[in-house]
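Remarks on the overall topology
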Amino acid sequence: MQNVAADLAQMLGAERVLWEQEHLVTYGFDGTAALYGEAGCIALPKTTEEVSQIVRYAAKHRIPVVTRGSGTGLSGGSVPVPGCIVLCLVQMDRVLELDPKNLTVVTQKVAELAEAAGLLYPPDPGSMRISTIGGNVAENSGGLRGLKYGVTRDYVMGLEVVLADSETVVFGNKCVKDVEGYSMKDIFIGSEGTLGIITKVLLQLVPKPAAKKTLLATFSEMDAAAETVSAIIAAKIIPCTLEFLDKITIRCVEEYAHVGLPLDAEAVLLMETDGHPAVVQEEAQQMAEIARRHGASTVQVAQTSEEATRLSTARRVAFSALARVSPTTILEDATVPRSELANMIRFIQQVAARYEVAVGTFGHMGDGNLHPTFLTDEKNAAEMARVEKAMTEIFEYAVKLGGTITGEHGVGLAKKAFLPKAIGDASLGLMRRLKRTLDPDNLLNPGKIFD
Ligand SMILES: Cc1cc2nc3c(=O)[nH]c(=O)nc-3n(C[C@H](O)[C@H](O)[C@H](O)COP(=O)(O)OP(=O)(O)OC[C@H]3O[C@@H](n4cnc5c(N)ncnc54)[C@H](O)[C@@H]3O)c2cc1C
């Protein structure tokens, strides 16, 4: 591989090509537990032209290319396949244009830039401080505001993509309406680095809401929390945040962040509404009443922005709080129709008890997107086997309830075994044909999503 590294160093300069063992180890992981792969070398391009040059070189020498953003993925998408070139795009972070007249931005540091212009970029994955826009588009990431505002796909107006044969293509534009042929950009959104390398993104922004209110309710019964969610939606309120923590997560959060959650609570709901101040005020009151009516033990309504930050910390730190508890944390994202949430949460708790594994569940209750999080130790083979079985049952049950095996983290390596059952042969066959058409030599992130 040193020859490949030397060739790439000719293109990029030696300082932007890494191939020493410590770098290969560092770039061998993403955010997914128990997955590792060793690349041949890592390239750090800064321009589309450099990406295209590297892809042309890789195609000529039949070397696989694994595109990587910040490596925060939770399904193994950017874990290297042996001997590949890791194309790490973190240096392609330039803001190219902010266009307030058309409410668009072409950028990677999107959220802050939008905010400074009095606008909002709604998708807010928990990893937003470190993950890249390219990674967010490649995974079609969601976030806490998904219920009201949707996911990354809903804000992508255009993409520049380098294809497997090194050609650069541009899809989309600043027009709100555009039906020129197939919606090609949508094929690349959520394609996990398997169809092309995203080098520029044109994003839509929305006006920043004038007001926001944050509430936190605790429940001594999980069903009461689930019923509160259904009643809020039935009351025609669409909160911008409607998040859930179960009892294990509550205890871990409290030990870690001391936000004042009652340790005997079975469930916590974090609720936020944003928009016109008068509407926000009314919706906050309604949500508090609905929660009380459905048996909430406590309902706190933040009166200051500091208090709002304190309440939302309970949800923001959930993953970190759980991750401290055991050597290995496996975060899943089974998703079900909202009406099946209580059913699904109960099932997760039963499965965890049956297989004697610790599982804390939190997530985007308003989207039906749950994060059952296994607290385990990858060195304990017997326990890992039980985790695997419990996880399989959870995925199968989600699909049985009309849900999906992944709501936002993607399939990658971690979930590809479950995909055929989840989507069926016809869909999978079509995906394979698309992959063969766009990447006939199977060089872009091979072995991810499906073999
Ligand atoms: C603490 C934590 C919280 C998280 N919270 C959320 C959350 O709330 N919602 C959510 O959806 N996810 C969440 N994630 C998962 C993860 O952050 C997202 O999937 C994110 O979009 C990955 O971005 P990245 O830059 O780290 O990409 P990577 O992990 O480097 O890559 C992810 C995938 O995208 C591909 N890829 C990356 N860049 C490109 C590109 N430019 N072109 C083509 N393919 C590319 C890679 O090949 C890989 O398959 C969280 C992760 C962590 C660690």
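Residues numbered from 1 in each chain as written. Predicted model: local features only at pLDDT ≥ 70, side-chain atom pairs only at ≥ 80, totals over all residues. Heavy atoms only, no water.

**Let's talk about the packing of helix H13 (residues 341-354) against helix H14 (residues 381-400)**
It is the contact of H13 with H14, at a shortest axis distance of 10 Å, that shows an interaxial angle of 160°. Between H13 and H14, the angle is such that the two are roughly antiparallel. You can see that H13 and H14 cross each other, and the crossing is right-handed. The segment H13 lies against H14, with Asn343, Met344, Phe347, Ile348, Val351 and Arg354 engaging Ala390, Glu393, Ile394, Tyr397 and Ala398. The residue makeup of the contact of H13 with H14, split by class, is eight nonpolar, one polar and two charged. (Axes fitted to C-alpha atoms, helices over the stretch in contact; angles between N-to-C directions. Helix = DSSP H or I, 4+ residues; strand = E, 2+ residues; numbered from the N terminus. Parallel < 35°, antiparallel > 145°, perpendicular 65-115°, else oblique. Left-handed = near helix turned anticlockwise from the far one by under 90°. Contact = heavy atoms within 4.5 Å. Nonpolar A, V, L, I, M, F, W, Y, C, P; charged D, E, K, R; others polar.)

**Looking at the domain arrangement of the protein chain**
When the domains of the protein chain are assigned, the result is domain 1 (2-88), domain 2 (95-207), domain 3 (211-320) and domain 4 (326-422). The distance between the C-alpha centroids of domain 3 and domain 4 comes to 23 Å. Each partner contributes residues to the interface: domain 3 has 17 residues there, and domain 4 has 18 residues. Here domain 3 meets domain 4 over a buried area of about 1,500 Å², counting both sides, of which 66% is carbon and sulfur. (Domains from an automatic or database assignment. Buried area = accessible area lost by both parts, 1.4 Å probe.)

**Looking at the pairing of strand E8 (residues 156-162)**
Within E8, seven of the seven residues are buried, which leaves the element mostly enclosed by the surrounding structure. In this sheet, strand E9 (residues 168-172) lies alongside E8 in antiparallel orientation, the contact comprising five bridges. Residue leucine 159 lies in a different strand from E9, and its bridge partner there is phenylalanine 171. Where E8 hands over to E9, the hairpin turn is made up of five residues, of which serine 166 adopts a positive phi near 85°. (Buried < 20%, exposed > 50% of the residue type's maximum accessible area, 1.4 Å probe, protein only. Pairing = 2+ DSSP bridges.)

**Quick look at the environment of aspartate 274**
Turning to its location among the elements, aspartate 274 is positioned in strand E14 (residues 267-275). For aspartate 274, a relative accessible area of 7% gives the class buried. Aspartate 274 has contacts with Lys148, Tyr149, Pro209, Ala211, Lys212, Cys240 and Val280, leaving out every residue within four places of it along the chain. Engagement of the side chain of aspartate 274 in a polar contact is seen with the side chain of lysine 148, the distance being 2.6 Å. (Polar contact = N/O pair within 3.5 Å; in protein donor to acceptor, adjacent residues only side chain to side chain.)

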